[in-house]
Structure formats: structure tokens, C-alpha cells
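So you can see what is in the structure, the chains are spelled out below.
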Amino acid sequence: MTQEAPSSPSATAGFAHIERKRLYIAIWITLLCLTALTTAVAYVDLGGAWNTVVALLIAVGKASIVVLFFMHVRHVIERMIRVVIVAAIFFLALLIIITVADIATRGMLSSPHWLTPSFFLW
Amino acid sequence: MGTGNSIALSKPGEEYRVHYLNAKYGIKSWLLTTDHKRIAWLYFISTSFFFVIGGLAATFMRLNLVSPQGALVQPATYNKLFTMHGTIMIFFFLAPAVPTVLGNFLIPMMIGARDVAFPKLNLLSWYIFITAGATFLWCAISGGVATGWTFYTPLSSTYTNTHVISAAMAVFISGFSSILTGLNFIVTIHKMRAPGMTWFRLPLFIWALYATSIIFILAMPVIAITMALLVVERIFHVGIFDPALGGDPVLFQHLFWFFGHPEVYILILPSLGVISELIAAFSRRRVFGYEFVAFSSFAIAFISFLVWGHHMFVSGQSIYAGIFFSAMTMAVAIPSAVKVFNWIATLYKGSVALDAPMLYALGFIGLFTIGGLTGLYLASTGLDIFLHDTYFVVAHFHYIMVGGAIMGYMGGLHYWWPKMTGKRYPEHWARVAALIIFIGFNLTFGPQFILGVEGMPRRYATYPPKFQFLNIMSSAGASILAVGYLLPAIYLLWSIKYGPAAGPNPWGAKGLEWTTASPPPVHNFDVIPIVTEEAYAYGHEPAVVGSAAS
Ligand SMILES: [Cu+2]
């Protein structure tokens, strides 16, 4: 809506606009490179869990770039918007942490022996 | 009601007054409107349509269950029927109903604004909703889907050959409609309040919708991405949920219920807000413990994101996760009880009027309490192993969804109907209908608690003959319930044409929406009101100075 407002797009504003365009293209190319890297790494066996760790690290890096630049979070100073960002990350963390906690403790089916009645009843 | 008098007085004035319904005519003036009040009507018509479709699916199910062998349809068809019933009722009726019909109409009216913050976005939300609904109808027509509304993997990703992809896409699309609505409401409540309308003067309905909007924004993206992942796995065989491809089927349940449980509160929180309004208006008292009722909505919203694993006690989930989710689920009882006890305290020594909206509100309190308390049975890990996937669960969540959410919606619809249409509905018929719905509801779902305890599993087209009596009782109750829903459909429509004029404030209630004419002018208020009083200031001078009431 406001993009085409012809009121006073001053010289500096136009310059900033071009600057931003260049930045966005640079970020886009970076994202493409990281995607290529993910694909390339997928063909190399890094051994055990490292395959996942590396893939996730690249993914988090890409997500951060998108959030910081494309979603303008890098420049946010308004408090309310910061609250929103932190809340979003918090709830995403809840989803991931509790889900991973389930998977990590799924195998622990029996109580440790010092918690069983037989430990006290010997 | 003094009809003769008011008609004699109002005829010349009422006929020529311009309001939001007669300001413009023609199909285009409705389909391209950005007026929040007209968009509320668009939603009212479309969600009512889906309610009828979802209700028809339920009708066929109940008819089928009259006989142990299945009286009507093949088991495969039965699977499609309950999937259609669940998906339509949850995504296309219950989730949007109160927020997008009553919320859209009332949020600007209640906070003293001329519209929502983003009127065009509001209309876009409706078009996205319609696209999603059409996608699901297309799925149903092209053969339907038989996974249940929960789309569990690996059934949905690998084994079923029904139309999972179009159904999943419908749910995916509907999520965006809800996200935009939530965003719109939050910004509206933050930025558009009239002068003097401080946070703690907001009606409790607004607080409830604010909490609901937060859940919309946090939960809907998760279901959208989960449905997208399901589609990707089904089409491209990327291993996400299928163990044969290296995926984890329980991961699907985690993602689904991270959305799914907060979704339950998307359905019930707006109705909780409606009930607060009704209890205050019909007992002529300020809601007891206003702040506690307001914040309990947020407590419910927050805790709702920490309980999702109570749907997964028998999924192979870690027992430690089970303990955590069980404890958190018990904790939800606290803010829910805060609301119920505060409503009862509001009734105490109030001058209670038993008009139809209040009958719904009182019915709500009882049924919601039964639904909530049976939820605690299911939150106990040991007991849930016995009750899981039985009719006890079906009865429990219908007490919350139908006995709670729909009762609240019906009560609110009757309460604000004079404001939306400018006409009064026939009060005695409405009371009779409310009573029929209450009786029919309990007859339908009460027996299902017993069926569940006796071990009848849900989602089967057939059952052992010993369950027949209670099933027939349930089906008979459903037919009474259907009559109860048919009555309001008839007399509410009748009242639009033949009902007596309502006047600005037929209930003598407090709140900015009652200070303006019925139906409201195009921009709600001739003069933006200045608020000088708390919400529900009954027994004091008028709540508003400076508004031009009609
Ligand atoms: Cu739940």
C-alpha cells in the first residue's frame, strides 16, 4: 500500500531502496549456496550423529538469515515487536524441547534399582 | 415488549434510518465489503452451512449405530462419515464460529472503534476460509477421506487410499485464515480502543478473544506445516513420519497435538467469554473477580501449549513425558474452575432473568463442568489406558465442544441477534428451544460415557449387541437435539422479516455495543464514545458519555 506513495521519495530514500535490493539479492544467493552445501554434505558420511548435526546447523543458519533480514528483525527496536519475537521463539523451543525430551527418555522403561521396592525390602 | 407503541413511534424513523444493512444493496456490496459487521454475516452464513453438512454426517453415523451390524452404511463409508464430521465441525464450524461471527461483529463495537484494524485483511481471511472449505468439500465429493480428523500417520501417509492430500490441503489453507483473523483482532484490541477504554475496562469477551487470537497465531502455523509435511511424505516419499523411510510416526502426533490441544481452547475460550457477558447482563451484576476471569483466559491459553501429550499416553511416548503432561493437564483445571466459581459468585444475589441467552449460559456452566471433570479422568495416565479411544472420550469432548462451545455460541447469537438484525426473536420459542437442546444433548452424549466405561471403542461402524440399548438412546437424543437446532434456524430467520423492532438496548445491558442503534450505523458510532466507567457498571449511571444512542 505505502510502497508506491509518490509523495516524497527523496534521493536518499531511493538510494536506500537500491541498497536494500542488493542486500536482498546477496542474501538470496547466500541461501542458495547454503542449500547447495546441505545437498553436498548429504553425500558425505560424517559418521553417526554428525550428519544430522551439520544439516541442522546449516538449517538454523539459513532460518536466522531469513528472520533477521527478510523479516526485518535486525532493525527492530520497538519493545512490543521484540516481545512477539521472543514469544515466538519461546513456543517453538517448547515444541522442540518437550518432543526431544520424550524421544530421549522413551527407552527408560524401568525405574533405577534404588527406586524399586525390592531395594528397600531386602 | 410494547410493540404497538414502538412501531407507531419507530415506523417513520426506522424506515428511513440508514444502517449497515441497508446502506448498500446487491451481491457485490456483500462480497466486496470491508465492513466488519457484513463480514461477520458472510462468516455466519458460511459456518452455518458447514454446521449443517457436519451435522448431516453425524446424523448418518447415529442412524447407522441404531443396529449392532450397522443399519445404514458400509464400514468404509462410516470411516469417511466420522472423518467428515470431525474435520468440518472443528476446522470449518467450531474454530471460526464465535471469533469470526460474534467476534468480528462485536470487537469494534465493544471497544468503541469504527472497524477492525485491517478491514481488507478481514475480507481476505473470509476468502481464504471459503477456499479451504471448498477444497474440503471437493475432497468429500471426490470420494472423501477416512483417517479421522486427526490424520494419524502411518495410516494417512502410507496405508489409506482415500483422498488425504486434498483434505490436508484444506486444513493447511484454513490455518492461514485463522492466523490473519488472530493478527487482525490483536492489533485491533491494542490500537483501536476508544478514549477511556483502558485494558481493565474491556469486556471479558474481548479478553477471551485476545487470548484466542494468540493461540491462533501460535498453533495454526504448526498444523499448517504438519499437513504440508504429510503431503510431502505422501507424494514424494520423504521420510518424516514413516519408519520404513526413517521417520517417526509418534513425531506426527507430537506436531499434531501441539496444535490440537490449543485448538480445543480456540474452540472453548471465545464461548467462555460469551458466558461472562451473558452472566453479567442477566444477573445485573459486574462479573465477580473480573481480573481473575480475564487472566484465567491467558493462563488457559498458556498451559494449553504444555499438555498435548495427554492424547498420546498409549502411543509409546516416554512415561516421563506422560507424567509431565498429566500434571500439566491437571493444572488447566485451576483457571477453568476460577471462571466457573466466579460466574456462580456473580449469580449470587444478582437479579437473575431467565431469558433464552441466560438459559444457554446456565446450561453451559453445568455441561462445561461435566466435560472438564471427565477430562481429569482422561488426564490420569493409568485410567486413560483403560478409557483411551472409547466412547468415554467421545462423550467427554462433546460435553466441551457441543455442551460448551456451541451452547455459548447459541447464547451469544440470541443475545446479540437484536443488535445484528435490529429485530427481536420470539422469546418463548427460544426458551423452549434452549430446553430441547439441553435435554437432547444430555440424552445423546450422557449414555456414551457409560458405553465408554463398558468398553465400546470409538470409530467403529459395528458393535456387540449388548451395547445396542444405550446406542439407541444416544441416537434418539440426537434426533431431539436436531429439533432443538432446527427451531432457532426457523424463528431467527422468521424474526429478520417479522420480528418486532429491537431498539438500541433491548436487554438493558451495559457495554458500548448497546449504546448505538440496532442495526448499527455503517461506522458503528455517530460519535466515538468516551468511556468513563468500568465494564458491567450495573446500578450506576450510564457507562458512556458523549455517544449518540440512535
Ligand atoms: Cu488435549
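Residues numbered from 1 in each chain as written. Chains lettered and ligands numbered in written order. Predicted model: local features only at pLDDT ≥ 70, side-chain atom pairs only at ≥ 80, totals over all residues. Heavy atoms only, no water.

**Some words on the overall build of chain A**
The condition is simple: Secondary structure elements are taken from DSSP: a helix is a run of H or I of four residues or more, a strand is a run of E of two residues or more, and numbering for both begins at the N terminus. Note on definitions: a residue-residue contact is assigned when non-hydrogen atoms from the two residues lie within 4.5 Å. For the accessible areas, the method is Shrake-Rupley and the probe is 1.4 Å, while residue cover comes only from the protein chains on display.
For chain A, the helix and strand inventory stands at four helices and zero strands. Seen in sequence order, chain A has helices and strands lined up from the N terminus as α-α-α-α. Across chain A, contacts joining residues at least 24 apart in sequence account for 56% of those joining residues at least 6 apart. Summed over its atoms, the accessible surface of chain A is roughly 9,900 Å², and 75% of this surface lies on carbon and sulfur atoms.

**Remarks on the overall build of chain B**
Put simply, the test is: For the radius of gyration, the atom set is restricted to C-alpha positions; the globular benchmark scales as 2.2 Å times the number of residues to the power 0.38. Charge assignment in this entry is limited to Lys and Arg as positive and Asp and Glu as negative, and neither His nor the chain termini are counted. A charge is said to be at NZ when it belongs to Lys, at CZ for Arg, at CG for Asp and at CD for Glu.
Scanning chain B from N- to C-terminus turns up 16 helices and two strands. Radius of gyration (C-alpha) of chain B: 23 Å, near the 24 Å computed for a compact globule of 550 residues. C-alpha atoms of chain B, sized along the principal axes, occupy 70 × 45 × 45 Å. The contacts in chain B between residues at least 6 apart in sequence include a share of 82% that link residues at least 24 apart. Total accessible area on chain B stands at roughly 20,400 Å², and carbon and sulfur atoms take up 72% of it. If you average the places of the 28 positive and of the 20 negative side-chain charges in chain B, the two averages end up 6 Å apart.

**A word on the confidence of the model for chain B**
All names here are of chain B. Heads up, the rule is: For every residue, the predictor states its confidence as a pLDDT score lying anywhere from 0 to 100.
Considering every residue of chain B, the mean pLDDT works out to 92; 95% of them sit at 70 or more. Taken together, the stretch residues 1–14 has pLDDT below 50 and engages in five contacts with residues farther than four places along the chain or on a different chain. This model gives residues 541–550 a pLDDT under 50, and the stretch forms 23 contacts once residues within four places in sequence are excluded. ipTM for the predicted complex: 0.85, alongside a pTM of 0.89.

**Some words on the nonpolar core**
Residue and element names in this part refer to chain B. Our working rule: The definition of a nonpolar core used throughout is a set of buried Ala, Val, Leu, Ile, Met, Phe, Trp, Tyr and Cys residues joined through side-chain atoms within 4.5 Å. Only protein chains enter the accessibility calculation, which uses a 1.4 Å probe; a residue is then buried when its area is under 20% of its type maximum, exposed when over 50%, and partly exposed in between.
Membership of the largest hydrophobic core comes to 158 residues, with the highest contact counts inside it found for F92, L102, M227, F259, Y409 and Y415. With 20 residues, the single largest contributor to this core is helix α9 (residues 249–283). Sequence-distant contacts of L102, defined by excluding residues within four places in its chain, comprise A97, I107, F205, V274, Y409, G412, L413 and W416. Within the second largest apolar cluster, 15 residues are counted, among which are L81, Y391, V394 and A461.

**Focus on unusual backbone geometry**
Residues and elements named next belong to chain B. Residue P154 is bonded to the preceding T153 through a cis peptide linkage, with omega at 0 degrees. Within the element layout of this structure, P154 appears in the loop between α5 (119–141) and α6 (155–159). That bond from S518 to P519 is cis: its omega, -10 degrees, falls within 30 degrees of zero. Locating P519 in the fold gives a position in the loop between α16 (468–498) and β1 (530–531). Backbone geometry places R284, a non-glycine residue, at a positive phi of 55 degrees. By the secondary structure assignment, R284 is in the loop between α9 and α10 (290–303). Non-glycine residue R459 carries a positive phi angle of around 65 degrees. As for its placement among the helices and strands, R459 is situated in the loop between α15 (427–453) and α16.

**Here we look at the confidence of the model for chain A**
For chain A, the mean per-residue pLDDT works out to 79, and 75% of the residues sit at or above 70. Contacts from residues 1–11 of chain A, a stretch scored under 50 in pLDDT, to residues over four places away or in other chains number one contact.

**A closer look at the interface of chain A and chain B**
Our working rule: Summed over both partners, the accessible area lost on bringing two parts together, with a 1.4 Å probe, is the buried area. Any carboxyl oxygen of Asp or Glu that lies within 4 Å of a side-chain nitrogen of Lys or Arg is treated as forming a salt bridge with it. Any pair of nitrogen or oxygen atoms within 3.5 Å is treated as a polar contact; in protein, a donor-acceptor pairing is required on top of that, and neighbouring residues in sequence qualify only through side-chain atoms on both sides.
On the chain B side, the residues contacting the 15 residues of chain A number 21 residues. Carbon and sulfur atoms supply 75% of the area buried between chain A and chain B, which totals about 1,500 Å² over both sides. For the pair chain A and chain B, the interface holds one salt bridge. Across the contact surface, chain A and chain B share three residue pairs in polar contact (both at pLDDT 80 or more).

**A few points about the pattern of salt bridges**
The full count for this structure, using the stated rule, is seven salt bridges over all chains. Residue R106 of chain A pairs with D248 of chain B through a salt bridge whose shortest N-O separation is 3.5 Å. On the criterion of chain membership, the pair formed by R106 of chain A in the loop between α3 (79–105) and α4 (117–121) and D248 of chain B in the loop between α8 (204–236) and α9 is interchain, its members lying in two chains. For R106 of chain A, a relative accessible area of 21% gives the class partly exposed. In this structure, R431 of chain B engages D355 of chain B in a salt bridge whose closest nitrogen and oxygen atoms are separated by 3.3 Å. With a gap of 76 residues between them, R431 of chain B in helix α15 and D355 of chain B in the loop between α11 (319–347) and α12 (356–379) connect regions that are remote in the sequence. In the salt-bridge network here, residues are joined through shared partners; they are D102 and R106 of chain A together with D248 of chain B.

**Quick look at the domain arrangement of chain A**
Defined as follows: Domain delimitation in this document rests on an assignment produced automatically or drawn from a domain database.
Assigned domains within chain A: domain 1 (19–71) and domain 2 (76–105). One C-alpha centre belongs to domain 1 of chain A, the other to domain 2 of chain A, and the line joining them spans 21 Å.

**So, the packing of aromatic side chains**
Put simply, the rule reads: Two rings from Phe, Tyr or Trp (for Trp, the six-membered ring) form a pair when their centres are within 6.5 Å of each other. A pair whose planes differ by under 30 degrees is stacked, one over 60 is edge-to-face, and the rest are tilted.
Counted according to the given criterion, the structure contains 57 aromatic pairs over all chains. For the ring pair F51 of chain B and F93 of chain B, a centre distance of 4.5 Å and an interplane angle of 35 degrees mean the geometry is tilted. Residue F51 of chain B is found in helix α3 (residues 36–64), and its partner F93 of chain B is found in helix α4 (residues 75–111); the two are separated by 42 residues along the sequence. On the accessibility criterion, F93 of chain B (4% relative accessible area) is buried. Between the aromatic rings of F200 of chain B and F295 of chain B, the centroid separation amounts to 5.9 Å while the plane-to-plane angle is 55 degrees, which identifies the pairing as tilted. With F200 of chain B in the loop between α7 (164–191) and α8 and F295 of chain B in helix α10, the pair connects residues that are 95 residues apart, well separated along the chain. Looking at F200 of chain B, the relative accessible area reads 35%, which means it is partly exposed. Here a set of aromatic residues connected by ring pairs shows up, and it is made of F90 and F91 of chain A together with F258, F302, F305, W308, F324 and F325 of chain B.

**Re the coordination of the copper ion**
Basically, it comes down to this: Only nitrogen, oxygen and sulfur atoms within 2.8 Å of the metal, or 3.2 Å for Na, K and Ca, are treated as donors, and water is left out, so sites may look incomplete.
Listed as protein donors to the copper ion are H261 of chain B (ND1), H310 of chain B (NE2) and H311 of chain B (NE2); their distances from the metal cover 1.7 to 2.0 Å. Of the residues examined, H310 of chain B reaches a relative accessible area of 13% and is grouped as buried.

**Thoughts on α15 of chain B**
Test applied: Any helix carries an expected span of 1.5 Å times its number of residues minus one.
Compared with an ideal rise of 1.5 Å per residue, which puts 27 residues at 39 Å, α15 of chain B spans 39 Å between its outermost C-alpha atoms and is within 8% of the ideal. Positive backbone phi, at 105 degrees, marks G455 of chain B, one or two positions downstream of α15 of chain B.

**Side note on the environment of I472 of chain B**
As for its position among the elements, I472 of chain B is in helix α16. For the pair I472 of chain B and K28 of chain B, spaced 444 residues apart in the sequence, the C-alpha separation amounts to 48 Å.

**Considering the side chain of R201 of chain B**
All names here are of chain B. The topology assignment puts R201 in the loop between α7 and α8. Polar side-chain contacts of R201 include one of 3.2 Å to the backbone oxygen of V531. Within the local environment of R201, its side chain forms a polar contact with the backbone oxygen of E533, the two atoms lying 3.5 Å apart. Leave out the neighbours within four places in its chain, and R201 touches G196, Y290, V531, T532, E533, E534 and A535.

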